[in-house]
Every structure is written in structure tokens, then in C-alpha cells.
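# Breakdown of the fold
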Amino acid sequence: MIRFDYARPTEVSDAVREGAAEQATYLAGGTNLVDLLKENVARPTRVVDIGRLPLAEIGETESGGLRLGALVTNSETAYDSRVQERYPLLSSAILAGATAQLRNAATNGGNINQRTRCYYFYDVATPCNKRNPGQGCGAIGGVNRIHAILGTSPHCIATHPSDMAVALAALQAEVRVTGSDGERVIPFADYHRLPGEEPWRDNTLKPGELVTAIDLPAERFTQNFTYLKLRDRLSYAFALVSVAVAMRIEDGRIAEARIALGGVAHKPWRRLEAEEVLVGRAPDRAAFDAATEVLLDGARGHGANDFKIPMARKAIPRALEQAAAGTPQSQTDKRLA
Amino acid sequence: MSEAALSLANDPGREVASSAIGTVPVTLTINGQEHRLAVEPWVTLLDLLRERLHLTGSKKGCDHGQCGACTVLIDGRRMNSCLKLAVTLDGSEITTIEGLGQPGNLHPLQAAFLEHDAFQCGYCTPGQICSGVGLIAEGHARTRDDVREQMSGNLCRCGAYTNIADAILEVLGTEDRE
């Protein structure tokens, strides 16, 4: 592994000062960063261990939601009774990802900041615009079974690998960050970004900014929700296509529907026009298919990942049916609900 | 470590452990025994256990958190020791397979692995057992499906999964055995 020096601040202000240094990186649970250090993909000269910062609590927000500290682990979050009761979609999505060992180490802040698992990003012998800007993209025209079908650019077709982030997108969470300019709050839809001309930027954090918490709004979706994840094996695999649905049904009609896709884009994929198609309609297959077409408008395969388009076209209405029926996908019994 | 960094680390009022490239003082309690160590920041817990402390029960399979052979209990929770930098664990209590039981005084899950023939080559077994002990302590598994899902972080290339699940289910005390 490469050599770097190390700091372990105990206060956010000290951490942000350390993190502002050139070539510094924050380390929390380490499940992704330590791997990237071993692979020579991440090459910091200074690692700022944020594990002792006071950011490991789950608490109430003033607006009736929950505040998930950045350093609360994925396991602690998924099994927290408040999260399970009020945001079962989030709990389900977290438990759909990784393994028990990884979820015990990985933190909430680290989860949303994890890097893509694109093979070319990880293999320093191949070109990658995300790892080395201007080098080219090995996945375009290469091996791209796991890659994006929506929102790609000529420079990058990587996907964001998180399951948790897909649920957070549907729940319209907010990300609280602190930097040298102070604190700010980023709506989840604006947190991750599409690759565009700058594929090396996964998110809209400014250099040195630190995620301190993720806020969940008061609105709960406890009856009509699901997280449906399709992958190459039944456990411990990244999503080929995943669908988070949060829905509210009143008097037999859809009052509100949120749909976020994982495994298909550089960020959790939402399209508000697709959700508006559903409002006021009966929760039936015709409505779900209509929303699906809008959600997948413009989808384009790159060869080996062409299958993701018909897969998503089946998965989205299936997930909407699960949510409408109040039968969310089990993350233990993998038969489709 | 630089003088300035040492003075920071030694200031009890405001602990900011820090190193210029060099070593960092770390105290770990491993299988009940306290170790005061000076560790380079890039050393993983797995390499520290195996190469420095000669606790070779924890295995290096993939070294990327994919196989689970390195699983240990850190403050009671199972994690991949290959993905933990040892310096980040200052003050932690770590249990490895060597700390779970001894010949003649096996941990119940070790005994169950023998009883159920839950291994062939044995390379993944220390990680499987540490992971199983963690799973039981977590208390989220009731059924065989639960056990299989929650053990998905431990690969067994010999394919002893059915017997591994049997061994864990026996110690869990559930009836969902096939």
C-alpha cells in the first residue's frame, strides 16, 4: 500500500482544517477507501481519520424527521427501531447491500461517498476519465455489463453503487456538510451528479467539505414502499437494476409516488415527470407502464449492458405493484414478492 | 513521528493523534491481552495480527473484503480485518479465532462446526466462525434463510455452506433445520 501520514482529530472544526489540505482524504469505516488505497486508485498523502468525531448519533430533527449522524454505521441505521418504524424503505435498501461485516464497518457518510465499482476505474492499467481526467473511458466500447444506461456522457458511463442512496433519493433526504466556509444543506437530488464533462466529480461537495449528517424529512412511507434489487447472485452483489418506490394511496388513487433507480446511472435516477404521470390514477399496471416509459425515456445501452433496459422495464412496474399492494420485497426470502 | 505530533498525541486535554510519515502509538486489547504498539498508518489489522503478533488464525483470502476469511470481532462486531487500518482502532477490543476457544475448551460454535462437519480444507473456517459468533450476537437471524443471507460475506470454496448453516442454526437454538 502507498505511504501516507495520518491525523485523528476529535472535533469537526479540526477535521475540516485537516481535510482542507492538498491531497488529504477523510477516512471513516474504510470499507471502500482502504480497498482503493490498496489498488493505488486513491493516492492521498494524508489520511484524516474522522472516526472519533461526535457524529455517531441518530436523533430527531426540529421538523419531525430523523438526523442520521455521518458516522452511524449502516448496520446501526438499518436496525434502529426508529428507522425501521418510520423509514422501512431505507432499512430495506441498506440490508439489500453488501454483507453484515461491511455494514458493521461502513458509515452513512461513507456509503453515499463510496466510489463506482467500474472495472476500469479500479484497474490502473486501463484508461479512466474518473481516475485520470483526460485519459479516456475504457468502458465505452469495452466490457460494460454493469454500466449506466441513463444520464451518461461521452466521457464516463460509470454507475453509483449504493443501495442506501437510492432509498435516500426516494425519501428526499438532505445532506448536511461542513467546510471551511461553514455549514450547508444539500438536497439529495443535488448531492450526486451526472458525469458530464467532469466525470471525476461524483458529487457536489466542495474540496475539503465533510458530510456530518443525513436528514430524513418528516414524511414517512410506511405502508406503500419497496426496494427491489436485481443482481447476478442473491446476496452480496451490486445492483444491475434496483428500484426504490415510496407511494401514498388515498381513496384508491395514487396521491404521491416517488421512484428512484439504482444501477443504471451515475446517481440515483429520478424523473419527476414519471412520478406525476401516476398522481390521481388508480394503482394499476397501465399506470405503472406509462410511468415506466417516461422514467426510461432516453435510455441507451452500450453493448453488454443493453439487457438493463428491458430488465428495468419489467422491474419498475413490478416494484410499483409491490408498493401499491403493501407487499415490499423481502431482503431475506429472495423470491419476488 | 514528529515532536509536534507527539506533543499533540500526549495532550490529554485534546487528543489529536497525528503522524508525519512514521508510526502512531496504538493500544489494542486482543483476546483479552493489552498490546501497546507503534504502528505505521497503512498497516491493516489483518497484517498486524498475522505478521507482527503472529496470530495467524485470521486468514488472508482476497484482502479486499470480498471473501470474509479475515473476519474478526471488533468491540463485539464482526468486520473484515483486511479493510481496517490498525491505527484507527486505538482503544478497541479485538477477538480473533484464537480468543474464542482453546483445544479442550471450544466455543460452542467451534464444537458445532466439528459436529456438523462444516468445513473441508478449513481455510475459511476461522472467518466463518467469527462471523457466525457475530451473527448470533446481533440477534437478527431466526431462520435458515436469515442465516444464509447474513453469512453471505463468508465464502467457502469447498462448498460446505449447508453444514455451516446447520452448525450456526444449532447454536442459535432454532428448529429451522433441514
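Each chain carries its own residue numbering, running from 1 in the direction its sequence is written. Chains carry letters and ligands carry numbers; both start at the beginning, A for chains and 1 for ligands, and go up in the order they are written. With pLDDT at 70 or above as the cut-off, local features in this predicted model cover only qualifying residues; side-chain atom pairs require 80 or more to be listed or tallied, and sums for whole chains, interfaces and linings still use all residues. To get the side-chain values, take all heavy atoms of the structure and skip hydrogens and water.

### Quick word on the sheet that holds strand β5 (residues 66-69) of chain A
Residues and elements named next belong to chain A. Operational definition: Here, a strand pair is defined by DSSP locating no fewer than two bridges between the strands. Secondary structure counts use DSSP, requiring at least four H or I residues in a row for a helix and at least two E residues in a row for a strand, with both numbered from the N terminus. The convention used is that axes are lines fitted to C-alpha atoms, helices contributing only their stretch in contact, and that angles between N-to-C directions extend from 0 to 180 degrees.
Pairing is antiparallel across the open sheet formed by five strands, whose spatial order is β4-β5-β8-β6-β7. Of all the strands in the sheet, the pair left with one neighbour each is β4 (58-60) and β7 (182-187). Looking at each pair of strands side by side, their axes are set apart by 25 degrees on average, direction ignored. Bridge count between β5 and strand β8 (residues 210-216): four bridges; the pairing is antiparallel. Bridge pairing in β8 links Leu66 to Leu216.

### What to know about the nonpolar core
Basically, it comes down to this: Residues grouped as a nonpolar core are buried Ala, Val, Leu, Ile, Met, Phe, Trp, Tyr and Cys residues, joined through side-chain atoms within 4.5 Å. Whether a residue is buried, partly exposed or exposed follows from its accessible area with a 1.4 Å probe, protein chains only, as a fraction of its type maximum: under 20%, in between, or over 50%, in that order. Whether two residues are in contact is decided by their heavy atoms: any pair within 4.5 Å suffices.
Ranked by internal contacts, the top residues of the largest apolar core, which has 48 residues, are Leu28, Val39, Leu45, Leu48 and Ile94 of chain B. Of all the secondary structure elements, the ones that give two or more residues to this core are α2 (33-38), α6 (100-105) and α8 (119-122) of chain A together with β2 (24-30), β3 (33-39), α2 (45-52) and β4 (71-74) of chain B. For Ile94 of chain B, the residues in contact, after removing those within four places along its chain, are Leu28, Thr29, Ile30, Asn31, Leu45, Val72, Leu73, Ile74 and Leu89 of chain B. Counting 39 residues, the second-largest nonpolar core is a separate cluster that includes Ala93, Leu95, Leu171 and Val175 of chain A.

### Section: the sheet that holds β2 of chain B
All names here are of chain B. With respect to topology, five strands assemble into an open sheet ordered β3-β2-β6-β4-β5, the strand pairing being mixed. Only two strands of the sheet have a single neighbouring strand rather than two, namely β3 and β5 (77-80). The sheet shows a mean angle of 40 degrees between the axes of neighbouring strands, direction not considered. Those strands touched by α2 are β2, β3, β4 and β6 (93-95), and its axis lies near 105 degrees from that of β3. Lying on the sheet, helix α5 (residues 125-138) is in contact with β4 and β5; it crosses β4 at an angle near 40 degrees.

### Observations regarding the interface of chain A and chain B
Put simply, the rule reads: Computed with a 1.4 Å rolling probe, the buried area is the accessible surface lost when two parts are put together, summed over both parts. We define a salt bridge as a side-chain nitrogen of Lys or Arg found within 4 Å of a carboxyl oxygen belonging to Asp or Glu.
Contact with chain A, which involves 42 residues of that partner, is made by 40 residues of chain B. Across the chain A/chain B interface, buried area totals approximately 3400 Å², and carbon plus sulfur atoms make up 49% of it. When the buried area of chain A at its contact with chain B is split by residue, Tyr6, Arg8 and Gln101 of chain A rank highest and sum to 21% of it. Run the count over chain A and chain B and you get four salt bridges. Between Glu76 of chain A and Arg77 of chain B there is a salt bridge, and its shortest N-O distance comes to 3.7 Å.

### A look at the domain arrangement of chain B
All names here are of chain B. Our working definition: Throughout, the edges of the domains are those of an automatic or database domain assignment.
For chain B, the assigned domains are domain 1 (3-100) and domain 2 (108-172). Between domain 1 and domain 2, the contact holds 15 residues from the first and 16 residues from the second. Buried surface at the junction of domain 1 and domain 2, summed over both partners, amounts to about 1300 Å²; 58% is from carbon and sulfur atoms. For domain 1, the biggest contributors to the area lost against domain 2 are Arg78, Ile97 and Leu100; these three give 44% of the whole. Remark: the boundary between domain 1 and domain 2 carries one salt bridge.

### With respect to helix α9 (residues 164-171) of chain A
In an α-helix, one turn spans 3.6 residues, which is why side chains three or four residues apart end up on the same side. All names here are of chain A. Among the eight residues in α9, eight count as buried, and that is most of the element. Looking only at α9, the buried set comprises Met164, Ala165, Val166, Ala167, Leu168, Ala169, Ala170 and Leu171. After α9 finishes, the residue Gln172 shows a positive phi value of roughly 55 degrees.

### Side note on the domain arrangement of chain A
According to the domain assignment, chain A contains domain 1 (5-49) and domain 2 (224-325). Computed over C-alpha atoms, the centres of domain 1 of chain A and domain 2 of chain A are 36 Å apart.

### What about helix α4 (residues 108-115) of chain B?
Residue and element names in this part refer to chain B. For the record, the criterion: To be clear, the arc concerns the directions from the helix axis to the C-beta atoms.
Those residues of α4 that sit buried are Leu109, Gln110, Ala112 and Phe113. Projected down its long axis, α4 carries its buried residues within an arc of 160 degrees, all on one side. Turned more than 90 degrees away from the buried face of α4 sit Leu114 and Glu115, all of them exposed. Residues of α4 that are buried in the fold lie against α3 (97-100), α5 and α7 (161-172). Looking one or two places after α4, you find Asp117, whose phi comes out positive at around 55 degrees.

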